[in-house]
Amino acid sequence: MGPWYLIGALLLLSARAGDSTNKIIPQQIGSSHTNAANGVGGMHHHIPKNSIATNAVNNNNNKGTVLSGNGVIVAGGGSISPSSSLNTITEEPEFTEYIENVTVPAGRNIKLACSVKNLGSYKVAWMHFEQSAILTVHNHVITRNPRISVTHDKHDRHRSWYLHINNVQEEDKGRYMCQINTVTAKTQFGYLNVVVPPNIDDSLSSSDVIVRENSNISLRCKATGSPKPVIKWKRDDNSRITISKNHIVSEWEGDTLELTRISRLDMGAYLCIASNGVPPTVSKRIKVSVDY
């Protein structure tokens, strides 16, 4: 989805809401976000020279909304002269808390909070930074993702806007940006990390096998998950694994277990165990038979 499509959608949304001055300004992906890139929530201020909000304010047709000489949106009940506009300037919105970084297993429901004071007639938007996707604007959901919704707490002194994501998926991970559409857009970030328990892919893993004595054998075990699972091999009866004549171990780590010059003593069941710190740990039992 191109940026002009997103801008057009927002212009249409704002026009329907009857407020031609409050437009959301998508950030430029190439700008520096050191804290967010490190997975730490933080605030970032971006100053577009010819922003949509600035143009909308300078060309607005709504009575009682003007741009003062210092670039602040001023709300009033009618035509305001430059000399009197300074007396009606309201405080600009400010973030009151950082967005918390969240780690959640896939399949859970989560919400991210963006708390703002002095919001006035400005709008709050949520965006997925890596996907360059505008998710919500004020009370409106822009994305077509049915798992996403937005709510806000009217009674909270510092009004909190909550982005809800149901049935979180691995592709949902990344930086989420909360933006206030002031003339100089104000933004802050929070990071969502999605973890996925390990799963052994049977189609890419070995099954029971029969081999001739003194031949070589290679057992494979492939698993998916986030973080990437670690694969360990053990014998089902806890006896040692003979990798080669001079290499005998109690367990082996890696996707592949290679046994050379196998003997009848190596017969039995081998366990492929996949773990990544996200429960549950899973295993696959592979039976090795030796024909002698």
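The following refers to the structure shown. (Residues numbered from 1 in each chain as written. Predicted model: local features only at pLDDT ≥ 70, side-chain atom pairs only at ≥ 80, totals over all residues. Heavy atoms only, no water.)

1. Observations regarding the overall build of the protein
Definition in use: Labels follow the DSSP assignment, with helices taken as runs of H or I lasting at least four residues and strands as runs of E lasting at least two, numbered in each case from the N terminus. Exposure categories follow from relative accessible area, calculated using a 1.4 Å probe and restricted to protein chains: below 20% of the type maximum is buried, above 50% is exposed, and the middle band is partly exposed. Should any heavy atoms of two residues lie within 4.5 Å, those residues are considered in contact. A 1.4 Å probe and the Shrake-Rupley method give the accessible areas. Residues count as covered only by the protein chains that appear here.
If you tally the helices and strands in the protein, you get four helices and 23 strands. By the burial criterion, 40% of the 292 residues in the protein qualify as buried. For the protein, the share of sequence-separated contacts (at least 6 apart) that also reach a separation of at least 24 residues comes to 61%. Carbon and sulfur atoms provide 49% of the accessible area of the protein, an area that totals close to 16,000 Å².

2. Examining unusual backbone geometry
Residues serine 226 and proline 227 are joined by a peptide bond in cis, for which omega reads 0 degrees. Residue proline 280 is bonded to the preceding proline 279 through a cis peptide linkage, with omega at 5 degrees. Tracing the sequence through the fold places proline 280 in the loop between strand S22 (268-275) and strand S23 (282-291). The phi dihedral of asparagine 118 falls on the positive side, at around 60 degrees, and the residue is not glycine. In this structure, asparagine 118 sits in the loop between strand S6 (110-117) and strand S7 (124-128). According to the relative accessible area criterion, asparagine 118 is partly exposed, its value standing at 30%. Positioned with a positive phi, histidine 138 is a non-glycine residue whose angle comes to about 55 degrees. Structurally, the position occupied by histidine 138 is in the loop between strand S8 (133-137) and strand S9 (140-141).

3. Focus on the pairing of S6
The criterion, for reference: Strand pairing is assigned whenever DSSP detects at least two bridges linking the two strands.
In the sheet, strand S4 (residues 94-95) pairs with S6 via two bridges, with the strands oriented antiparallel. Each bridged residue has a counterpart across the sheet, and for phenylalanine 95 the counterpart in S6 is valine 116. Inspection of the sheet shows S6 paired to strand S11 (residues 159-165) by seven bridges, in the antiparallel sense. What sits directly across from leucine 112, in S11, is leucine 163.

4. Considerations on the pattern of salt bridges
Applicable threshold: A pair is scored as a salt bridge if a Lys or Arg side-chain nitrogen falls within 4 Å of a carboxyl oxygen belonging to Asp or Glu.
Counted by the stated rule, this structure contains ten salt bridges. With a closest N to O distance of 3.9 Å, lysine 117 and glutamate 94 form a salt bridge. Here lysine 117, found in strand S6, pairs with glutamate 94, found in strand S4; they are 23 residues apart in sequence, far enough to count as distant. Overall, the relative accessible area of 29% leaves lysine 117 in the partly exposed class. Overall, glutamate 94 belongs to the partly exposed group, its relative accessible area being 37%. Between lysine 222 and aspartate 255 there is a salt bridge whose closest N-O contact spans 3.5 Å. Taken together, the residues lysine 222 in the loop between strand S15 (217-220) and strand S16 (223-226) and aspartate 255 in the loop between strand S20 (252-253) and strand S21 (256-259) connect sequence positions 33 residues apart. Judged by its relative accessible area of 32%, lysine 222 falls in the partly exposed class. In this structure aspartate 255 comes out as partly exposed when scored by relative accessible area, which is 28%.

5. Some words on the side chain of serine 205
Convention followed: Polar contact criterion, stated in full: a pair of N or O atoms within 3.5 Å, where within protein one must be able to donate a hydrogen and the other to accept it, and residues adjacent in sequence count only if both atoms are side-chain atoms.
Within the secondary structure layout, serine 205 lies in the loop between strand S13 (186-200) and strand S14 (209-212). Residue classification places serine 205 among the buried residues on the basis of a relative accessible area of 8%. For serine 205, the side chain forms a polar contact with the main-chain oxygen of aspartate 201, separated by 2.8 Å. Here the side chain of serine 205 touches lysine 222 through a polar contact of 3.0 Å, landing on its backbone nitrogen. Other than its neighbours up to four places away in sequence, serine 205 contacts Ile200, Arg220, Cys221, Lys222 and Lys284.

6. Things to note about the pairing of S22
Look at any regular strand and the pattern is simple: side chains alternate between the two faces of the sheet. Relative to S22, strand S17 (residues 230-235) runs antiparallel, the two being bridged by six bridges. Looking at S22, one finds that tryptophan 233 is bridged to cysteine 272. By the bridge criterion, seven bridges tie S22 to S23 in an arrangement that is antiparallel. If you follow tyrosine 270 over to S23, its bridge partner there is isoleucine 286. Hairpin connection, S22 to S23: the antiparallel pair is bridged by six residues, and glycine 277 has positive phi, about 85 degrees.

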